[in-house]
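Chain by chain, the residues run as shown.
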Amino acid sequence: MAFPYLEAVLGFMIFMYLFETYLDIRQHAALKLPNLPKPLEGVISREKFEKARAYSIDKSYFHFIHEAVTILMDTAILYFGLLPWFWKLSGNLVAYLGLDAENEIIHTLSFLAGVMIWSQITDLPFSLYSTFVIEARHGFNKQTIWLFFRDMFKGICLSILLGPPIVSAIIFIVQKGGPYLAIYLWAFMFVLSLVMMTLYPILIAPLFNKFTPLPDGELRKKIEKLAASLKFPLKKLFVVDGSTRSSHSNCKNEEEVVAVIAHELGHWKLNHTMYSFIAIQILTFLQFGGYTLVRNSKDLFESFGFDSQPILIGLIIFQHTVIPLQHLVNFGLNLVSRAFEFQADAFAKKLGYAKALRAGLIKLQEENLSAMNTDPWYSAYHYSHPPLVERLSAIEEADSKKEN
Ligand code: ZN
């Protein structure tokens, strides 16, 4: 008997939904607590706390609804065999347009175009509500509806421009791959990520935000001095103007800005950036390795309702079957990431920025109305950064040790 892949995937998706909803309920209860956590009393004003609390609770309700709709849609798509149905439909469309339906690349692009239209449509009510109701209600949204749709349009154009060549290349590699397929796929993604890392700040980010060089002055001098003392190869300094869309963050004083930058440079100096990059490379390689093992498994495709074995579909199905592992890996990555944050804080502190960093972190938390009370299970599972209370007490702890 063939292994019931589809049923296993559906079962795990629903199990994860229930588990994460349980964490959300715990977090929701923490958000509703009427008082600041002890260590933040007197540090954060009552007024800011009430604002942050209302904002977090609003977002939390919205999240419950969004998640419920998402799990309903995802399970329905798999359970009712909409993937194979849509794969056929997109093939018929290709033939109808007089193109070569036997060409897998053309067929795949037609399928993906449909997927993109579907996800844009189903996403739209949520992003509209989130931006123009929730963010607006709490005074964050500065975006006009016109700017919102212009950003969306730019995003779509970008994926029409970048998507097809990348997808075609991947299909071509799998078709020609042979026994070393995993290495070729990994090498392709490696080069692609290097290219994107180079092009993103030059070509893509400026499409959405305005970058202006940081003007000469005290702040610039301080940052340059700090970078030079750490031998950081600082070339250009830009200020991003994100304020046309959202008023989240930041009006800090110079010392606090420099302290936060010292924290970021700590990530660089302690090789965190490199470790993360290497971890991602290893995970990508393992994923492709796993994929090459199952890509010709007839059972897997049949279980999801396919009588053919299209490459893109193989990748999508494989992605679904490794969800359990992915959740475990994410949990591990969050653990490491939180440890890195503590180290970067300690680094900034060693350079003498303890006081300014603390003030900067508190201000960031206040201005973004981030959750002040957090559930320990929820933050252990989801947070890539430790909760503010933990960061402040870690910075302080080392302080009092020194004094003793
Ligand atoms: Zn950090």
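Structure shown above.
This write-up is about the structure you can find in this document. (Residues numbered from 1 in each chain as written. Predicted model: local features only at pLDDT ≥ 70, side-chain atom pairs only at ≥ 80, totals over all residues. Heavy atoms only, no water.)

Once that is clear, we can look at the overall build of the protein chain. Per the secondary structure count, the protein chain includes 14 helices and 2 strands. In terms of overall dimensions, the protein chain has C-alpha extents of about 70 × 45 × 45 Å along its principal axes. The burial tally for the protein chain puts 35% of its 404 residues in the buried class. Long-range pairs, those at least 24 residues apart, make up 78% of the contacts in the protein chain with a sequence separation of at least 6. Summed over its atoms, the accessible surface of the protein chain is roughly 23,400 Å², and 67% of this surface lies on carbon and sulfur atoms. (Helix = DSSP H or I, 4+ residues; strand = E, 2+ residues; numbered from the N terminus. Buried < 20%, exposed > 50% of the residue type's maximum accessible area, 1.4 Å probe, protein only. Contact = heavy atoms within 4.5 Å. Areas by Shrake-Rupley, 256 points an atom, 1.4 Å probe, with all protein chains shown as cover.)

Protein coordination of the zinc ion is provided by His263 (NE2), His267 (NE2), Glu341 (OE) and Glu341 (OE), with donor distances spanning 2.1 to 2.7 Å. The sequence motif formed by the donor residues of the zinc ion is H-x3-H-x73-E. With His267 in helix 8 (residues 254–269) and Glu341 in helix 12 (residues 323–367), this residue pair connects regions lying 74 residues apart in the sequence. Assessed through its relative accessible area of 5%, Glu341 is described here as buried. (Donors = N, O, S within 2.8 Å, 3.2 Å for Na, K, Ca; no water.)

This part takes up the environment of Ile204. Tracing the chain through its elements places Ile204 in helix 6 (residues 181–208). Judged by relative accessible area, which is 10%, Ile204 ranks as buried. Distance in space between the C-alpha atoms of Ile204 and Leu158 is 8.5 Å, their sequence separation being 46 residues. Aside from chain neighbours lying at most four places away, what touches Ile204 is Leu158, Leu162, Met196 and Leu199.

With that settled, the discussion passes to helix 6. Of all the bends in helix 6, the largest measures some 65° and sits at Tyr200, one to four residues before the proline Pro201. Close packing links the buried residues of helix 6 with helix 5 (145–176), strand 1 (210–213) and helix 9 (272–294). (Bend = angle between axes of the 7 residues up to and from the residue.)

Overall, the coordinates contain 14 salt bridges when judged by the stated rule. Glu50 serves as the salt-bridge partner of Arg46, at 2.9 Å between the closest nitrogen and oxygen. Of this pair, Arg46 and Glu50 are both found in helix 2 (residues 46–79), 4 residues apart, which corresponds to roughly one turn of the helix. Taking relative accessible area as the criterion, Glu50 reaches 32% and is therefore assigned partly exposed. (Salt bridge = Lys/Arg side-chain N within 4 Å of Asp/Glu carboxyl O.)

Our next topic: the packing of aromatic side chains. Under the criterion given, the structure shown has 21 aromatic pairs. Between Tyr291 and Phe318, the aromatic rings sit 6.2 Å apart at their centres with planes inclined by 65°, giving edge-to-face as the arrangement. Of this pair, Tyr291 sits in helix 9 while Phe318 sits in helix 11 (residues 311–321), and the two are 27 residues apart along the sequence. For the pair formed by Tyr291 and Phe318, the shared burial category is buried. Joined through ring pairs, the aromatic side chains of Trp85, Phe86, Trp87 and Phe111 make up one cluster. Lying across the ring of Trp377, Arg26 places its NZ or CZ 4.1 Å from the centre. A cation sits over an aromatic face here: Lys154 above Phe208, 5.8 Å from the ring centre. (Phe/Tyr/Trp six-rings, centres within 6.5 Å; stacked < 30°, edge-to-face > 60°. Lys NZ or Arg CZ within 6 Å of the ring centre and 35° of its normal.)

Note that every value here comes from positions in space, so none of it alone points to a role or purpose.
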